[in-house]
Amino acid sequence: MWPVRSACIPPPGSGLLTFEATSSDNAVTSRALQLIEQLGIDLDPQLFRLAMTHRSYAYEHGGLPNNERLEFLGDSVLGVVVTEHLYRAYPELPEGRLAKLRAAVVNAHSLADVSRELQLGAQILLGRGEEATGGADKSSILADVLEAFLGAVLISAGRDAADRLIRHLFDPLVTEAAALGAGLDWKTSLQELAADRDLGPVSYQITESGPDHDKRFEAAAVIAGQTYDHGQGTSKKQAEQGAAEHAFVALSADAG
């Protein structure tokens, strides 16, 4: 494993990452590192390790540096790159629609999905407690690690390289979100539909189950006294979006 020399961000290396698998290193199979190599990005190995160092691991090993500063940086550059792309790619869209598109792409759920596709979970250094409770597949941890990874690329290889990586990862999500129509934000679309039909406000019935580290939520939209099919998810927001979709589709079918 690559050592972290100090609490400071180390200087970038000189050359592409080389892949050396050890008993505790899955670098050889990580899609993230394979992608870095394919894109010709010079990623410093120590910064990559720092990006994968969760605070629980750092605490258990005497207060090592952790990935939170890189996460802060990666969050910022991700927002800028996606926002600029939206601005240039969709000149006809108003600010409100652009904001919804950005929120659909840059959110913890989407970031966690990208992190899973890159197989970053296997790279994360976790404390024993987090590891025992499945921290390597927790959406919040995976989203944070992805942002830290982007921050490491920015510091290692510069803004152009970070832009290239972010565009590669997120342009397809932007295109997909732009084609969703009402599905870009089911809750807002449902509320607008209910208002157009003078049905009154939309409310949601929420239930939750599962242990604290693996919560599951169910939601049902209630409109004018009628309860529609349930939506499910790992967060209240996700479950409510699913419930809103069911209600929107049902109301739209009634109109037909």
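Criteria and cut-off values
Residues numbered from 1 in each chain as written. Predicted model: local features only at pLDDT ≥ 70, side-chain atom pairs only at ≥ 80, totals over all residues. Heavy atoms only, no water. Core = buried A, V, L, I, M, F, W, Y, C linked by side-chain atoms within 4.5 Å. Buried < 20%, exposed > 50% of the residue type's maximum accessible area, 1.4 Å probe, protein only. Helix = DSSP H or I, 4+ residues; strand = E, 2+ residues; numbered from the N terminus. Contact = heavy atoms within 4.5 Å. Pairing = 2+ DSSP bridges. pLDDT = per-residue confidence, 0-100. Phe/Tyr/Trp six-rings, centres within 6.5 Å; stacked < 30°, edge-to-face > 60°. Lys NZ or Arg CZ within 6 Å of the ring centre and 35° of its normal.

**Points about the nonpolar core**
- Membership of the largest hydrophobic core comes to 48 residues, with the highest contact counts inside it found for Leu 118, Leu 120, Phe 149, Val 153, Leu 165 and Phe 170.
- Of all the elements in the fold, those that place two or more residues in this core are helix 1 (31-38), helix 2 (45-51), helix 4 (68-89), helix 5 (95-105), helix 6 (108-117), helix 8 (139-157) and helix 9 (159-178).
- Examining the composition of this core, we find that 11 residues originate from one element, helix 8, more than from any other.
- If we skip the residues at most four places from it in the chain, Phe 149 touches Ala 32, Ile 36, Leu 43, Phe 48, Ala 51, Met 52, Leu 118, Leu 120 and Leu 165.
- Ranked by size, the runner-up nonpolar core spans 12 residues in total, among them Leu 193, Ala 244, Phe 248 and Leu 251.

**Thoughts on the pairing of strand 3 (residues 226-233)**
- With 6 bridges connecting them, strand 2 (residues 216-223) and strand 3 associate as antiparallel partners. If you follow Ile 223 over to strand 3, its bridge partner there is Gln 226.
- Between strand 2 and strand 3, which pair antiparallel and follow one another directly, the connecting turn spans 2 residues, one of which, Ala 224, has a positive phi of 50 degrees.

**Observations regarding the confidence of the model for the protein**
- Taken as a whole, the protein shows an average pLDDT of 86; of its residues, 88% reach a score of 70 or greater.
- Contacts for the low-pLDDT stretch residues 1-29, under 50 throughout, to residues beyond four places or in other chains number 55 contacts.

**Quick notes on unusual backbone geometry**
- With phi around 55 degrees, Asp 198 is a residue other than glycine that occupies positive phi space.
- With respect to the secondary-structure elements, Asp 198 resides in the loop between helix 10 (186-196) and strand 1 (202-209).
- Residue classification places Asp 198 among the exposed positions, given a relative accessible area of 71%.
- Phi at Ala 224 is positive, roughly 50 degrees, even though this residue is not glycine.
- With respect to the helices and strands, the residue Ala 224 is situated in the loop between strand 2 and strand 3.

**What to know about the packing of aromatic side chains**
- Overall, the coordinates contain 2 aromatic pairs when judged by the stated rule.
- Relative to Phe 149, the ring of Phe 48 has its centre 6.0 Å away and its plane inclined at 80 degrees; by these criteria the two rings are edge-to-face. With Phe 48 in helix 2 and Phe 149 in helix 8, this residue pair connects regions lying 101 residues apart in the sequence.
- Its relative accessible area of 3% is what places Phe 48 among the buried residues.
- When the ring centre of Tyr 204 is taken as origin, the NZ or CZ atom of Lys 187, which lies over that ring, is 5.1 Å away.

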